[in-house]
Amino acid sequence: MNKNQKTAFELVPDSVILTDKYFEALISNSNYDDVSLRMRLDGLKDSTLRLRINKDGNQMYNRFQPVHALVSEPITETMTMARNASTVELELSKVIKVYITIAPFKLDVYVNKELTIGVNNDNLMQFEHYRPKPESIADNEIGSWEEYFKEHQDSKPRGPSAVAMDFKLYSSTSLYGLPEHADSLALKSTAGSDPYRFYNLDVFEYELYNGMALYGAVPFLMGHGKKNSVGVFWLNAAETWVDIAGVKGNTDHPSVVESIVNLVSGSSIENVPRAHFMSECGIIDFFIMLGPKPLDVTRQYSSLTGTTPLPPLFSLAYHQCRWNYNDQKDVHDVETNFDVYDIPMDVMWLDIEYTDSKKYFTWDPVKFSEPLEMVNNLTSKGRKLVTIIDPHIKRDSNYFLHNDAINNDLYVKNKDGDVYEGWCWPGSSSYLDFMNPKVQEYYASRYSIDNFVGPTEDIFIWNDMNEPSVFNGPEVTMPKDCIHHGSYEHRDIHNIYGLLQVMSTYDGLMKRSNGKKRPFILTRSHFAGTQRFAAVWTGDNMADWSHLKISLPMCLSLAISGISFCGADVGGFFNNPDKELLIRWYQTGAFLPFFRSHAHIDTKRREPWLFDEQTTFLIRDAIRTRYTLLPLWYSLFKNHELTGSPVIRPLFFEFPYEEQLNDIDNEFMVGNVLLVCPVLDQNVQELTCYFPGHKEIWYDRDTYQPIKTNGLMKIQAPINKVPVYQRGGTIVPTKQRVRRSSVLMKDDPYTLIVAIDLKAIAKGSLYIDDEESFEYRNGHFIYIEYEYINNQLISKCLHCEDFNTKSWVEKVMIIGIPNVFTKASIQVNGGGLSELSVLYNTHNQVLTVRKPAVGIAQNWTITLL
Amino acid sequence: MTEMENFYLILTIFCGIFTVINCTSIVKPRGIAFERASLYVPDKDFSCFDGSSVIPFSFVNDDYCDCPDASDEPGTSACPNGTFHCTNAGHTSLVIPSSRVNDGICDCCDGSDEWANNFRKDTCDNTCEELGRAAREEAERVQKIFVAGYEIRAQLIAKGKELRLEKQNRITELFEVQREAELAKNNTLYAKETAEEIEKSVLEKYKVMNDEKKRQENESEKLKDQNDAFEMFNQIDTNKNNKIEEEEVDAYSAFDQNNDGKVSQDEKDYFMENKKEISLEDFMLNGWSRLKKLIFAENVDVKETEHPADNVDNDKQLEEGDLDENEDESESVDDEVKYTESDELDESQYDEETKLIVEEAKQARNAFEEADRKFRDLQREVTHLQESLNKDFGPEDEFAALDGECYELSDREYVYKLCLFDQITQRSKNGGSEVRLGTWNSWIGEPKYRTMLYDRGQHCWNGPQRSTHVRLTCGLEPALLSATEPNRCEYAMDFVVPAVCVQDNEMLSAPVTESEHDEL
């Protein structure tokens, strides 16, 4: 792309079409008289705009639109429109006003009269139309028709086709999102460095705190300030770069250029946060979500790309993984030791070595000769197995999958039209073309019980290496000039390759149980929309404190970008953690949504009992804490499915007016309930935590001591301390009887932890179902709301009819109330009163109501007397 | 769920509350061993064992945790830190964590841990009789092996003691012989040195003659080279002006190294060093050597291409690596080098007397070498015996008889070979060299003499040195049972051997499961 040659795009006034649903017009390009673009702006429901720009008329090649990211065709909403000579004015949902300037083409969007976001205000829009290859290539187009990376050639037969747009987020002070990068939560200015890059890659030993491309790409940007929050979703699957400006850079100082600009302009207007999206190909297609609060933006984004369907409960419990458990006996021994050391565990994982010579959907005939027996050993304790299935296929004429793929033309082709061959775990491999609906269907059917011999419905799937990873390819991936179904080049679709694979896997697991059981899939590569099919982990991290620390901003960035079900390899994938790091990692990982330990094949064994007694004890404690909180996690995921609210959140989500929170990424919230301030450094006895909110009380989850400070506070955190705080005003349902696996806790009673706020009020909710099937979608679930007010705890079962549970309420703990009550009464379903005994602990001001012994799905009221 | 099942649910809860109340006078509290039943007295309030609080007896086993030490809920899953005792009549009693009570898994063979679920048919059958019988049979079988093994062990101990004595005696014996050998060595050394002194003095004149001859040879060599140079100069200097000019070079075909029929500028520049002409003096000092290089350049190339192949071999050796270097061997190599040096003189020119003296010196040397070798052999044997005596063959020398014995195990890919107190190797069935998985180091872990450590094995590619833990259990015939690699380059083997057939120790090394349960 040529930056010197300013392109002026203008709307063609005569071409404007105004309807009550959309605005359409042609755009002319001052450099190419004969090429015009067609833009269309749609008003969507829930304060969202969509703008698309494509070439008008025919093109030499189809431009790819990754609609796979969208959960469905977005629902439009009526706009009122008016125009004069130089501008068009649109109004959406009364509070949103869009001003479109004809020449040069730009947009300004106001929310409640506040200028919130501008589009093409810096005139960086670009749209390179397909054109015949010129006889001689101009200097400014060198690299547009052919490019070399190390020994790899990108033949670029279709020439330049880039698209770009700039956004000014006037009302924001900080920018977030754009995962996956190993960087801070708040995005940094890219002045003087490379832009944030989206190009899904299998990066070996990735570096921290930069914008280098990683395994996934979610081109979702969030702007946030005291006034409001806004989101931009750039729907493009090609290699994409995003320049960020107007926010702090890596050095925490404004760049020299910015300082000069400020000096010259004499205003702070250039300090407006801005983003410049550039993609190698595709069309211009973006959504603007206008909040106004962070949770509104995530809801709006979720309505476009979907939410994570409620995961089966086991997948929220603890996962034990290693590359590799050597054989079925090894699996059995490790599982047995979890019981010997009384540590709960739900899932054992098998990495690539379980296969017969890296042929997926097969088992090593000696080491894993009895897969069914192995799985049955696990399921007899309520446990599951996850096996890895990668998208590369071993080129072996004795391998059914390879033969099927050759015979039915299921592979990606190289630029010459032959089947592409790359190198991966099995050696010479080819890659299924998931762009082809035939491949999607074929691959899905591989997961059926008949086809994947041995397994049961208790085996779940891990799709790894799906960037795709090609050991001998450019940047360890597939050449961009490879050809996919529909005549698209790999460059067009690269970032959704992994999404396409997990879509197919999800479909396969659905069909395996006739749509009855919820699938569980873990994927490394991801794109916008991946949350509808799979959980994501942060890839091949390291056993290093810095990698423990980065796991927070990495998962938080994903969470606000739609992908809540995120975790990092506990302990670190490469290298050996010492016991302190391992303990702290378990303590932190237990509060991230996906909780799995994993290790590289060259590392030493690190199962929790292999160190010393204290280490075993503290890891057991961390995992058990996770299990006691499973009802909370499950309820939060249910809430996420319904509303898109991220399960874990940055602090500013809950306290959007508190500017001091904008950069905090060493703490986070679990739902709106728990504040987690984990220890992320070595040798820590004491750390500083920020307590948000002006009129908040935070209760230490271990001691129940209240903290009323707003701001920084020193916290004692020896190795056995995990600084986690329950927010005053919330009620957390827990299960205190931690068993070998989560399934075994299904009928167990609940303990409700009521933490009152300054007004002595608290609220909470609980969601219950069968924990594994889709029956909840037929109404078979329980939803209860709790409220503590006026010394009464009221349980209202709002949806109870169609699901039965044996669970009951064994204990109620009310935290932070004075010692004035001597007993309590309970009234169930409006019946008679019965008396309950209470116990008050003067040390921590906790009142315990002893054994209400009422079924969890009853309506009841406990009154303190 | 049906109405009926709901009813069961209520029944379940009620049972939890009321069983104790209704049945205290008849049965002990659920989950308590008979011996401890007296701690629970139905007509009195119950004090938590830790004294933290006193509760009505009706709170015992009522499925609610009142005591921080879990003492009020021995029969339910209410307390997170509690335990449940199953009697398992007909088999061994068992203590399990409270969290395993009523979780749907039958942990006790009498099914008592699933009391709430036993309302449903067939949840947990009582399998204690069956399991007890099988366990007793197994215990009997193991006992038999132990008894038989213990006898073999006694023999091993006797053999070990015998071996120790033998070695000690042998050492004493060797000390005597060694002293004599040392004397003989010293004597022959003296004779050798004397003879060599004489030899050296008579050979001195031959050495001087020899050196002179060499000097002369060198000189004539140099002269010949200069003559060659002068001749060559004259050949090139066709106009005989005592200078070589460019035209003369062009005309001289020896300069055309690439054989293209003409002398290229590069070739010319190299020889002429970019000068227009070369004087005779310059040619003799520098030009001649450059010209020779040009002419012999081809040979140099040949040598260079040989090198990469050498490197490959070296790398391979490095990778296989760490071959034991025998100290003695390297010494003897040095010696050989010395002898060849002194043999430079041409013996044929010696006079008769000299020949005699040289012969005498040679014999004295041989005599010394012989005596020295004898001494060193003895020394080696003593060292070996002492090392062997210092090896830890167990508190009663029960492993001594197995020293150096080797046992093999063959799996799908490899043949493993364990040579006790020596080393462990692995040989791929697809060929390739043997890989050393470790060399004997020591006994490790508790209980003692049950796990052997073999370490300092060959380096893994990009990894640590290989090492192996060998776990020993009682068996009548020594045999290698299994070989695994739980961590990269860290191997684990199971080896049965009668030397460990001792019941007390065996109890100590029992699987962790049971000792863990005891704690709970």
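Residues numbered from 1 in each chain as written. Chains lettered and ligands numbered in written order. Predicted model: local features only at pLDDT ≥ 70, side-chain atom pairs only at ≥ 80, totals over all residues. Heavy atoms only, no water.

Draft legend 1. Region of interest: the state of the cysteines. All names here are of chain B. Scanning the model with the defined rule gives 11 disulfides over all chains in all. Here Cys 106 connects covalently by a disulfide to Cys 124, the sulfurs 2.0 Å from one another. Here Cys 106 and Cys 124 share a disulfide; its torsion about the S-S bond, -90 degrees, makes the bridge left-handed. Residue Cys 106 is found in the loop between strand E4 (94-97) and helix H2 (128-236), and its partner Cys 124 is found in the loop between E4 and H2; the two are separated by 18 residues along the sequence. (Disulfide = S-S within 2.5 Å. Helix = DSSP H or I, 4+ residues; strand = E, 2+ residues; numbered from the N terminus.)

Draft legend 2. Seen up close, the interface of chain A and chain B. Taken residue by residue, the interface counts 33 residues in chain A and 33 residues in chain B. Summed over both partners, the interface of chain A with chain B buries about 3000 Å², with 44% contributed by carbon and sulfur atoms. On the chain A side of the interface with chain B, the three residues burying the most area are Arg 740, Lys 806 and Arg 850 of chain A, jointly 21% of the side's total. Linking chain A with chain B are 10 salt bridges, by the criterion used here. At the junction of chain A and chain B, the tally comes to 18 residue pairs in polar contact (both at pLDDT 80 or more). Breaking the side of chain A that touches chain B down by element, the ones donating at least two residues are helix H3 (328-340), strand E50 (808-815) and strand E53 (846-855) of chain A. In terms of residue count, E53 of chain A provides more of the side of chain A that touches chain B than any other element does, 4 residues in total. When the residues that make up the side of chain A that touches chain B are grouped by side-chain class, the tally is 8 nonpolar, 7 polar and 18 charged. (Contact = heavy atoms within 4.5 Å. Buried area = accessible area lost by both parts, 1.4 Å probe. Salt bridge = Lys/Arg side-chain N within 4 Å of Asp/Glu carboxyl O. Polar contact = N/O pair within 3.5 Å; in protein donor to acceptor, adjacent residues only side chain to side chain. Nonpolar A, V, L, I, M, F, W, Y, C, P; charged D, E, K, R; others polar.)

Draft legend 3. The packing of aromatic side chains, seen in detail. All names here are of chain A. Taken as a whole and judged by the stated rule, the model has 68 aromatic pairs over all chains. Both rings, one in Phe 434 and one in Tyr 443, keep their centres 4.8 Å apart while their planes meet at 80 degrees; by these two values the pair is edge-to-face. Between Phe 691 and Tyr 725, the aromatic rings sit 4.9 Å apart at their centres with planes inclined by 80 degrees, giving edge-to-face as the arrangement. A residue pair is termed long-range when its members are at least 10 positions apart, and Phe 691 in strand E40 (residues 686-691) and Tyr 725 in strand E44 (residues 724-727) qualify at 34 residues. For Tyr 725, a relative accessible area of 1% gives the class buried. An aromatic cluster is defined as three or more aromatic residues linked by ring pairs; in this entry it consists of Phe 314, Trp 349, Phe 460, Trp 462, Phe 520, Trp 537, Phe 565, Phe 594 and Phe 637. In this structure, Arg 596 packs its charged tip against the face of Trp 349, placed 4.7 Å from the ring centre. When the ring centre of Phe 781 is taken as reference, the NZ or CZ atom of Lys 638 above it lies at 5.9 Å. (Phe/Tyr/Trp six-rings, centres within 6.5 Å; stacked < 30°, edge-to-face > 60°. Buried < 20%, exposed > 50% of the residue type's maximum accessible area, 1.4 Å probe, protein only. Lys NZ or Arg CZ within 6 Å of the ring centre and 35° of its normal.)

Draft legend 4. Broad picture of the pairing of strand E8 (residues 96-101) of chain A. Residues and elements named next belong to chain A. Sheet analysis places strand E7 (residues 87-92) next to E8, joined by 6 bridges and oriented antiparallel. Residue pairing in the sheet places Leu 90 in a bridge with Val 98 of E8. A loop of 3 residues connects E7 with E8, the two strands running antiparallel in sequence, and Ser 93 in this loop sits at a positive phi of about 50 degrees. Two elements, E8 and strand E9 (residues 106-111), share 6 bridges in a ladder whose sense is antiparallel. If you follow Ile 96 over to E9, its bridge partner there is Val 111. Linking two consecutive strands that pair antiparallel, namely E8 and E9, is a turn of 4 residues. (Pairing = 2+ DSSP bridges.)

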